[in-house]
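Coordinate analysis (summary)
Spelled out, the chains give:
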Amino acid sequence: MELLAATVISIVSPYLAKGAEEFAKTAGKGVFDGAKALVDRLSRWWKDDPIANAAATSLPSDPQHFGKMLGAQLEHALKNDDAFAKELRSLVDSMGPSIEVVQKMQVATGVTGADIGNLVSGQVRVNQEIGHAEDVIGFRADKVGGN
């Protein structure tokens with residue numbers, strides 16, 4: 001359940017932090033629709049969970065801190081509710097593959113965040129925090145969309 005909770009939070013956090021309108025400008029229709037469906041479903045859950053509700057409401061002020069809090073609450077809820085977990089898994093799966101690469105390094109040489117030969121649908125997020133680097137690639141793809 002930890003992976004599912006982390007995946008859901010990584011999808012909805014930018015939506016909640018930026019707001020739907022701002023998120024839509026950068027996310028693309030498929031990602032926006034999927035994130036919106038997840039937020040709509042999660043909002044029905046967190047209205048009955050005061051800690052999750054507070055974390056979701058506060059997330060725009062500190063996405064990293066409150067995202068972790070919301071993720072922990074979600075992970076706990078998913079462990080206790082198989083139907084909720086199945087519903088969220090279905091919503092995530094309907095968005096297509098989701099790849100998130102997080103690299104935090106002080107010194108790096110020859111680092112690639114993501115190098116994907118063919119990604120027809122889904123989303124890729126690369127977050128690289130590097131103090132000093134040489135020869136760094138954030139994302140490389142021969143093909144991203146299409147048939």
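Residues numbered from 1 in each chain as written. Predicted model: local features only at pLDDT ≥ 70, side-chain atom pairs only at ≥ 80, totals over all residues. Heavy atoms only, no water.

A tally of regular secondary structure across the protein gives six helices and four strands. Each of the three principal axes of the protein carries a C-alpha extent, and together these read 50 × 40 × 30 Å. For the protein, with 147 residues in total, the buried portion stands at 35%. Long-range pairs, those at least 24 residues apart, make up 67% of the contacts in the protein with a sequence separation of at least 6. For the protein, the exposed area adds up to about 8500 Å²; of that, 50% sits on carbon and sulfur atoms. (Helix = DSSP H or I, 4+ residues; strand = E, 2+ residues; numbered from the N terminus. Buried < 20%, exposed > 50% of the residue type's maximum accessible area, 1.4 Å probe, protein only. Contact = heavy atoms within 4.5 Å. Areas by Shrake-Rupley, 256 points an atom, 1.4 Å probe, with all protein chains shown as cover.)

Tallied over the entire structure, the rule returns four aromatic pairs. Ring centres of Tyr15 and Phe23 lie 5.5 Å apart, and the angle between their planes is 65 degrees; this geometry places the pair in the edge-to-face category. Taking the relative accessible area as the measure of exposure, Tyr15 reaches 9% and is therefore buried. We classify Phe23 as buried; its relative accessible area is 3%. One aromatic cluster is present, formed by Tyr15, Phe23 and Phe32 through successive ring pairs. (Phe/Tyr/Trp six-rings, centres within 6.5 Å; stacked < 30°, edge-to-face > 60°.)

What follows deals with the packing of helix α5 (residues 63-80) against helix α6 (residues 82-93). Between α5 and α6, the shortest axis-to-axis distance is 5 Å and the interhelical angle comes to 115 degrees. In this structure, α5 contributes Leu74, Ala77, Leu78 and Asn80 to the contact, and α6 contributes Asp82, Phe84, Ala85 and Leu88. The class makeup of the residues in the contact of α5 with α6 is six nonpolar, one polar and one charged. (Axes fitted to C-alpha atoms, helices over the stretch in contact; angles between N-to-C directions. Nonpolar A, V, L, I, M, F, W, Y, C, P; charged D, E, K, R; others polar.)

This paragraph deals with the environment of Gly28. Within the secondary structure layout, Gly28 lies in the loop between α2 (20-27) and α3 (29-46). A relative accessible area of 34% means that Gly28 is categorised as partly exposed.

Here Asp49 is to be found in the loop between α3 and α4 (50-58). The charged side chain of Asp49 is buried without a salt bridge, its nearest counter-charge being Arg41 at 11 Å. Within the structure, Asp49 has its side chain in polar contact with the side chain of Gln73 (distance 3.2 Å). (Lys, Arg positive; Asp, Glu negative; His and termini not counted. Salt bridge = Lys/Arg side-chain N within 4 Å of Asp/Glu carboxyl O. Polar contact = N/O pair within 3.5 Å; in protein donor to acceptor, adjacent residues only side chain to side chain.)

In contact at an axis separation of 8 Å, α4 and α5 are set at 150 degrees when each is read in the N-to-C sense. Classified by the angle their axes make, α4 and α5 are roughly antiparallel. Handedness of the crossing formed by α4 with α5: left-handed. In contact with Ile51, Ala52, Ala55, Ala56 and Ser58 of α4, α5 contributes Phe66, Met69, Leu70 and Gln73. Residues that form the contact of α4 with α5 fall into these classes: seven nonpolar, two polar and no charged. (Parallel < 35°, antiparallel > 145°, perpendicular 65-115°, else oblique. Left-handed = near helix turned anticlockwise from the far one by under 90°.)

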